[in-house]
Structure formats: structure tokens, C-alpha cells
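Overview (structure and organization)
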Amino acid sequence: CIVFIDELDALGKARGGGNMGGAHDEREQTLNQLLVEMDGFDTRANVIVMAATNRPEILDPALLRPGRFDRQVLIPAPDINGRMAILRVHLANVRVDPALDLRRVASRTPGFVGADLANVVNEAALLAARRDREHVVFEDFDEAVDRVSIGLERRSQVIGDEEKRITAYHEAGHAICAAFSAHADPVHKVTIIPRGLTGGVTVFARENHRHITGETALRDMLVTGLGGRVAEQLELGEASTGAYNDIQHVSRVARGMVVELGM
Ligand code: ZN
């Protein structure tokens, strides 16, 4: 018999920290009861209790003692093979282009978890239906990934020519710097169609999250990140607010390299 408790933190939050009144009290009683029940299982009855949480750090320590939830299995975001397998599950009932390269779809989604991938498949199927296609093709998935990760395209938004020009030079700057940086991720596409909160975006293709990044790769990240601002200065003669997010990101990386990583 397997007992599975999802979102364990909802009732297994660490106790104590002052008397917060009714609801708090009740939760503690539930937790106490759970602890008592877990101690009471007959060891010969083969009862396995499993639980899932996204926030193991806030669990009550008593829950993690031997005999209770004493073994932890960490499930990180899936790698490219994992994402392909998850996509395959969600695509079981979707009519897909037989020539679709699933690896190419999976390579566009580093950092995505199961729910995100389900969302991508759903969006892609909707897009294919809206475009009167017989089956879902790569372009639908490509668009679906952008929708899920960045937001909807705002094609109807009116943007002045001058602003388009700035965005075009800015994004081209990112793309060109990436192309000339040996350790930068390859550029998947560049667009100046506003999407979500961004005016334009350079999308990189990366198969997996890196677990270890070298100093040269970090430097290339700084170069690529600043490419937008530099292109604006070179071609338009002045900086704009368009690099706001880039500069935030680059500053964080640079500070981390010096302060935390001793580079
Ligand atoms: Zn930028």
C-alpha cells in the first residue's frame, strides 16, 4: 500500500512561532496526528508513505526524522531527454506532423518542468487549430514556447518607427555579440515584435541548463548582455532605457563573479 500526500508543506509547515489562533491551531493538530499515525504503522504491513513538496526547507523537522519521511528524492527540472519523454506523454492524443523533430522542440525549453511542457503542447495544438492545420508543426511549438515563456505577441500595438529602429539595433547587437562569442549559446531567432512586457527579444537555443559555467562563458554572457546597449550607442549615438533589464542582469552576473565566485 502506498499513501501519497501532495503539497506536504500545506500541513507540514514547521510548528511554533507564536499562537496565531484558530486556523493555525487546527493545522498543528493535523500535523501532530499525521506524526502519530506514521509512527503507528505495523512494520510488517508494507505501508509506504510518500509526499511531495516544492518547499522542503519549511517542513517541520519532526516529519523528516527516521521512520517518517526520512529519505528525500530531489527532482530537478528535467534535462533534454526528460523533456522529450514528457512531451511524448502529452502528445499521445495530439495529431503531430510526422516529420516533427521532437528534440528540436525540447531543445527550446531548458528549465521547463512538466506543467510548462503540458502548457506548450496545449498552446501549440490551439495554434494549429486556429491556423487550420491538419496537424501540429514545429512553428506552432516554437510560437507556443514563446507564449509560455515570454507572453503573448502584441502585434496590434502601435510602435513608432524610431522605437522599432532602436529595438532592431539593440536586438541585433545581442545577436551579433553572441555569434562572435565562442561560449555564448547559439541564437535561435531575433524579433522586434513586442511580446509580453518586452519590446523585442533575442532567443537563444540551449539544450540544457549548465551546472558548471566557466569564467570565459560568464564573460561571454556579459558581452552578449551588453551588446544591445553598445549597438545603440554605436549606431544611434546615445543610450536608451531599452537596456534596463540587460544592465540589471549583467550587473548581477558581474557582482556574483567578483563577490561570490572570486573571479
Ligand atoms: Zn537587451
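First, a word on scope: everything that follows refers to the structure included in this document.

Rules and cut-offs
- Residues numbered from 1 in each chain as written.
- Predicted model: local features only at pLDDT ≥ 70, side-chain atom pairs only at ≥ 80, totals over all residues.
- Heavy atoms only, no water.
- Donors = N, O, S within 2.8 Å, 3.2 Å for Na, K, Ca; no water.
- Helix = DSSP H or I, 4+ residues; strand = E, 2+ residues; numbered from the N terminus.
- Buried < 20%, exposed > 50% of the residue type's maximum accessible area, 1.4 Å probe, protein only.
- Core = buried A, V, L, I, M, F, W, Y, C linked by side-chain atoms within 4.5 Å.
- Contact = heavy atoms within 4.5 Å.
- Expected span 1.5 Å × (residues − 1).
- 1 Å grid on protein atoms, 1.4 Å probe; cavity = no way out; pocket = protein on both sides within 12 Å on 5 of 7 lines; lining within 4 Å.
- Points joined across faces, edges and corners; volume = space filled by probe spheres on them.
- Nonpolar A, V, L, I, M, F, W, Y, C, P; charged D, E, K, R; others polar.
- Axes fitted to C-alpha atoms, helices over the stretch in contact; angles between N-to-C directions.
- Parallel < 35°, antiparallel > 145°, perpendicular 65-115°, else oblique.
- Left-handed = near helix turned anticlockwise from the far one by under 90°.

Concerning the coordination of the zinc ion
Of the protein atoms, only His170 (NE2), His174 (NE2), Asp246 (OD) and Asp246 (OD) coordinate the zinc ion, at distances of 1.9 to 2.8 Å. The sequence pattern describing where the donors of the zinc ion fall on their chain is H-x3-H-x71-D. Here His170 and its partner His174 are both found in helix α7 (residues 161-179), four residues apart, which amounts to about one turn of the helix. Among the residues examined, His170 registers a relative accessible area of 5% and is labelled buried.

Observations regarding the nonpolar core
Side chains of a nonpolar character, in soluble globular proteins, are inclined to be buried together. The biggest cluster of nonpolar side chains holds 20 residues, and the ones touching the most others in it are Leu87, Leu91, Leu100, Val105, Val120 and Phe141. At six residues, helix α5 (residues 114-130) tops the list of elements feeding residues into this core. Once residues lying within four places of it in the same chain are set aside, the contact partners of Val105 are Leu87, Leu100, Phe138 and Phe141. Grouped together as the second largest cluster of nonpolar side chains are eleven residues, Leu8, Leu34, Leu63 and Phe69 included.

Let's talk about helix α6 (residues 138-149)
For α6, built from twelve residues, the straight-helix expectation of 16 Å at 1.5 Å per residue is met to within 8% by its first-to-last C-alpha distance of 16 Å. Turning to α6, the residues buried within the fold contact α4 (102-107), α5, β3 (187-191) and β4 (201-204).

Focus on the layout of surface pockets
Reported here for the largest pocket is a volume of approximately 1,800 Å³. Along the wall of the largest pocket there are 49 residues; nearest its centre are Thr198, Val201, Thr202, Phe204 and Asp246. For the lining of the largest pocket, the secondary structure elements donating two or more residues are α6, α7, β4, α8 (215-236) and α9 (244-260). A per-element tally of the lining of the largest pocket places α9 first, with seven residues. Residues of the lining of the largest pocket, tallied by class, amount to 18 nonpolar, 20 polar and eleven charged. One number sums up the size of the second largest pocket: a volume of about 1,100 Å³. Taken together, 31 residues make up the lining of the second largest pocket; nearest its centre are Met50, Ala51, Ala52, Arg71 and Val73. Tallying contributions element by element places strand β2 (residues 48-51) first for the lining of the second largest pocket, with four residues.

Focus: the packing of α5 against α6
When two helices pack together, their arrangement is given by the angle between the helix axes and the distance between those axes. The contact between α5 and α6 brings their axes to 8 Å, and the two run at 125 degrees. By the criterion of interaxial angle, the relationship of α5 to α6 is oblique. For the pair α5 and α6, the sense of crossing is right-handed. In contact with Asp116, Asn119, Val120, Val121, Glu123, Ala124, Leu127, Ala128 and Arg130 of α5, α6 contributes Asp140, Phe141, Glu143, Ala144, Val145, Arg147 and Val148. Of the residues assigned to the contact of α5 with α6, the class counts are nine nonpolar, one polar and six charged.

Things to note about the packing of α7 against α8
Close contact between α7 and α8 brings their axes to 7 Å; oriented N to C, the two are set at 135 degrees. For the element pair α7 / α8, the angle class is oblique. Judged by the twist between their axes, the crossing of α7 over α8 is right-handed. For the pair formed by α7 and α8, the contact residues are Arg165, Ile166, Tyr169, His170, Gly173, His174, Cys177 and Ala178 on the first element and Val223, Thr224, Gly225, Gly227, Gly228, Arg229, Ala231, Glu232, Glu235 and Leu236 on the second. Class assignment of the residues belonging to the contact of α7 with α8 gives a composition of seven nonpolar, seven polar and four charged.

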